[in-house]
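Here is what each chain is made of, one letter per residue.
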Amino acid sequence: MRMDTVIMGGGLSGLTCGIALAKRGKRVAIVASGQSTMLFNGGSMELLGNIDGKTVTAPLEAIATLPKDHPYSKIGADRIAGLAARAKLMLSDSGINMEGDVAANHWRITPMGVAKPAWLTLNDHLRINDLNQLPAKRVALMCIRGFFDQPNSMLAQGLRDLGFEVNAIEFTTDDITALRRSPSEMRATSLAKRLVSHNALQRLADQVNSLAGDADMVLLPSVFGQNNADDFQTLQSMVNKPLRLVATLPPSVAGMRMMTQLRHYFRMLGGNYLMGDSAVSGTFEGDRLTAVTTAKLGDMPLRADHFVLATGSFISRGLVADYERVYEPVLGVDVNADSDPNRWTQFGVLQPQAYSRFGVATDERLRCLKQGKPIVNLHAVGSILSGHDAVKMGDGTGVSLLTALAAIDDIIKSE
Ligand SMILES: Cc1cc2nc3c(=O)[nH]c(=O)nc-3n(C[C@H](O)[C@H](O)[C@H](O)COP(=O)(O)OP(=O)(O)OC[C@H]3O[C@@H](n4cnc5c(N)ncnc54)[C@H](O)[C@@H]3O)c2cc1C
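Predicted model, so just to flag it, every value in this text is computed and none were measured. (Residues numbered from 1 in each chain as written. Predicted model: local features only at pLDDT ≥ 70, side-chain atom pairs only at ≥ 80, totals over all residues.)

Concerning the site of the ligand
- In the vicinity of the ligand lie 37 residues, with Gly9, Gly11, Gly312, Gly382 and Gly396 positioned nearest.
- Going through the elements one at a time, α1 (12-23), β2 (28-32), β3 (44-45) and α12 (396-414) are the ones with two or more residues in the shell around the ligand.
- Its residues assigned to classes, the shell around the ligand comprises 12 nonpolar, 23 polar and two charged. (Near = placed C-beta within 6 Å. Helix = DSSP H or I, 4+ residues; strand = E, 2+ residues; numbered from the N terminus. Nonpolar A, V, L, I, M, F, W, Y, C, P; charged D, E, K, R; others polar.)

Some words on the sheet that holds strand β12 (residues 165-171)
- If you walk across this open sheet you meet the four strands as β12-β11-β13-β14, and the pairing is parallel. A strand with exactly one partner marks an edge of an open sheet, and here the two such strands are β12 and β14 (243-246). For this sheet, the mean inter-axis angle between neighbouring strands, taken without regard to orientation, is 30°.
- Sheet analysis places strand β11 (residues 138-144) next to strand β13 (residues 217-221), joined by three bridges and oriented parallel. Looking at the pairing, Val139 lines up with Met217 of β13. (Pairing = 2+ DSSP bridges. Axes fitted to C-alpha atoms, helices over the stretch in contact; angles between N-to-C directions.)

Section: the sheet that holds strand β7 (residues 106-109)
- Here three strands make up an open sheet; going across it, the order is β8-β7-β10 and the pairing antiparallel. A strand with exactly one partner marks an edge of an open sheet, and here the two such strands are β8 (115-118) and β10 (127-128).
- The pairing of β7 with β10 spans two bridges and is classified as antiparallel. Pairing of Trp107 across the sheet is with Ile128, part of β10.

Topic: helix α8 (residues 198-211)
- Over its 14 residues, α8 extends 20 Å from the first C-alpha to the last, a length consistent with the 20 Å expected when each residue adds 1.5 Å.
- What α8 keeps buried is the set Leu201, Leu204, Ala205 and Val208. What you see down the axis of α8 is that its buried residues fit within an arc of 100°, all on one side. Turned more than 90 degrees away from the buried face of α8 sit Asn199 and Ser210, all of them exposed.
- Buried residues along α8 sit against β11, β13 and α9 (230-238).
- Of the residues trailing α8, Gly213 is marked for its positive phi of about 55°. (Expected span 1.5 Å × (residues − 1). Buried ≥ 20, exposed ≤ 12 C-beta atoms within 10 Å, placed from the backbone. Arc of directions from axis to C-beta. Contact = placed C-beta atoms within 7 Å.)

Describing α1
- For α1, which comprises 12 residues, the first-to-last C-alpha distance of 16 Å matches the rise-based estimate of 16 Å (1.5 Å per residue) to within 8%.
- Counting buried residues in α1 gives 11 out of 12 residues, a clear majority hidden from the surface.
- Buried residues of α1: Leu12, Ser13, Gly14, Leu15, Thr16, Cys17, Gly18, Ile19, Ala20, Leu21 and Ala22, and no others.
- Looking at the packing, one finds that the buried side of α1 touches β1 (2-8), β2, α4 (80-93), α10 (253-268), β18 (302-309) and α12.

Notes on the environment of Gly43
- Position of Gly43 relative to the elements: it lies in the loop between β2 and β3.
- Note: C-alpha distance between Gly43 and Leu126 (83 residues apart in sequence) is 9.4 Å.
- Apart from the residues lying within four places of it in its own chain, the contact partners of Gly43 are Thr121, Leu122, His125, Ser222, Leu245, Ala247 and Ala254.

Re the pairing of β8
- Relative to β8, β7 runs antiparallel, the two sharing four bridges. Looking across to β8, one finds that Trp107 is bridged to Pro117.
- Counting the residues that bridge the hairpin from β7 to β8 gives five residues, and of these Gly113 lies at a positive phi of roughly 85°.

Details of the domain arrangement of the chain
- Each assigned domain of the chain is listed here: domain 1 (2-100 + 256-414) and domain 2 (126-246).
- Inter-centroid distance (C-alpha atoms) of domain 1 to domain 2 is 34 Å.
- Each side of the interface is counted separately: domain 1 has eight residues, and domain 2 has nine residues.
- Considering every element that reaches the side of domain 1 that touches domain 2, the biggest residue donor is α10, with four residues.
- Classifying every residue of the side of domain 1 that touches domain 2 by side-chain character gives one nonpolar, five polar and two charged. (Domains from an automatic or database assignment.)

Set out below in C-alpha cells:
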C-alpha cells in the first residue's frame with residue numbers, strides 16, 4: 001500500500017500530524033495500536049507549567065530560557081506563538097473548543113482540587129484566569145453518590161484553599177442509581193454513557209436546581225458527552241445557574257471525547273486510521289525509511305515518501321526499558337538515555353525522574369537519528385522525543401501539538 005506519509009501512533013501528536021497533512025490533500029495513514037495518554041487528560045492542554053520546580057506564569061518568556069535539547073528549543077522559541085495559534089485553530093476545527101492565552105498561563109483544577117498552570121482548557125471546564133479574582137464566590141459542588149472517580153472531600157478542601165465558599169452537596173438520580181447495582185460501574189465513562197438522553201439530563205438538572213441554593217456557580221464532575229460537547233450544552237440550558245465541569249480521575253471522559261473528535265475530523269478529511277494495528281518493523285535503504293510492516297497487514301508493508309514516529313513514551317510502549325538499556329522497539333532508532341540503569345530513577349514519587357526525559361534522538365529538524373545519522377524522511381514527534389518531561393515540566397500536550405505541526409512544515413518544505 002502506498003501513501004504520501006505513514007504515521008506510527010494515533011495519539012495527540014500522531015493525529016495532529018495526520019490532520020495537518022490530510023488538510024493539504026496528502027494521502028495519510030495512521031497506524032494506531034491502542035489507547036493514548038489522553039485518557040489521563042483532565043480537559044486542559046499544557047504548554048509549559050514548571051521549570052526547576054518553579055511555576056511558569058508566562059510560558060513564551062520561559063520557553064526562550066529552555067536548554068537546547070528541549071523540543072521547543074529545536075523548533076525555535078520564536079516559532080512557538082505561531083504554532084500554538086495553529087494548534088488551537090486545528091482543535092477548534094475538530095470541534096474541540098478551548099480557551100487560553102499562549103502568553104499567560106491560567107489555572108486548571110485537578111480531581112484532587114489542586115490548581116495547576118495550563119495553556120488551554122475546554123470551555124465547559126472550570127478555568128481560573130487569576131487566583132485573586134475567582135470566577136465565582138459561592139460554588140455548589142455537586143457530588144454524585146457512590147461515584148468512584150472524584151475524591152470529593154479533597155476536591156472541596158482544595159477549592160476552599162483557593163478561596164471559594166464551597167457547599168458540597170451529595171445527590172443522585174434514578175438513572176445514576178440504576179448504575180449502582182454494579183458498584184464497578186460508577187466510573188466517569190459509564191456515567192457519560194448513561195447521562196445522554198434528554199430525560200436523564202432533565203432529571204439531573206432538576207436535582208441540581210433544587211439543591212444548589214444561593215451558589216453563584218454549579219460544579220459537576222466531567223461525566224458528560226463522550227462524543228461531543230452537546231450534552232453539556234443541553235444540561236447548561238436546563239440548569240438555572242452557570243455550570244462548569246471539574247476533571248475526574250482517569251479514564252477521562254474529556255480526554256476520550258477529544259480523541260474521538262480528532263479521529264473523526266481526520267477521517268472526514270480523508271485520512272486512513274488503522275485502529276488496533278501496530279507498526280512492527282521498518283525497511284531502510286541508505287538514509288531513508290522505505291516501508292513499515294504492521295502486525296495486521298503482514299506481508300503488505302506500508303510504503304511512503306515520509307514517515308512520522310509518534311508512538312509515545314514508556315507508558316504507550318513507544319520506548320521500552322529492560323534491565324540494561326532503553327530502546328525504541330519498532331525501528332531501532334537512537335535513544336537519548338543514561339547508560340547506567342542506577343541513575344534512571346530516584347527514590348520519592350515527587351522527585352524528578354531521569355527516565356521521564358529519555359526519548360529518541362533527533363536533529364534540529366526533528367528527524368530521527370540512526371547510528372548518529374539522520375534518517376532524512378523520518379520525523380519523531382510528541383512524547384517519544386527526549387529532553388522534556390510532561391509530568392514535572394507540564395509541557396506534554398504542548399510538545400505533542402507543536403512538534404507535530406513543526407515536523408509537518410519540515411516535510412512540506414522538503415518536497
Ligand atoms: C499519566 C499522564 C498524565 C498526563 N496528564 C496530562 C494532563 O493532565 N495535561 C496535559 O496537558 N498533559 C498530560 N499528559 C501528557 C500528555 O497526555 C501527553 O504528552 C500527550 O498526550 C502525548 O501524546 P503522544 O501522541 O505523543 O503520545 P501517546 O499519547 O502516548 O500516544 C502514542 C500512541 O501510539 C501508540 N503506539 C505505540 N506503539 C505503537 C506501534 N508500534 N504501532 C502503532 N501505534 C503505537 C500507542 O498505543 C498510543 O496510542 C499526561 C501524560 C501522562 C503519561
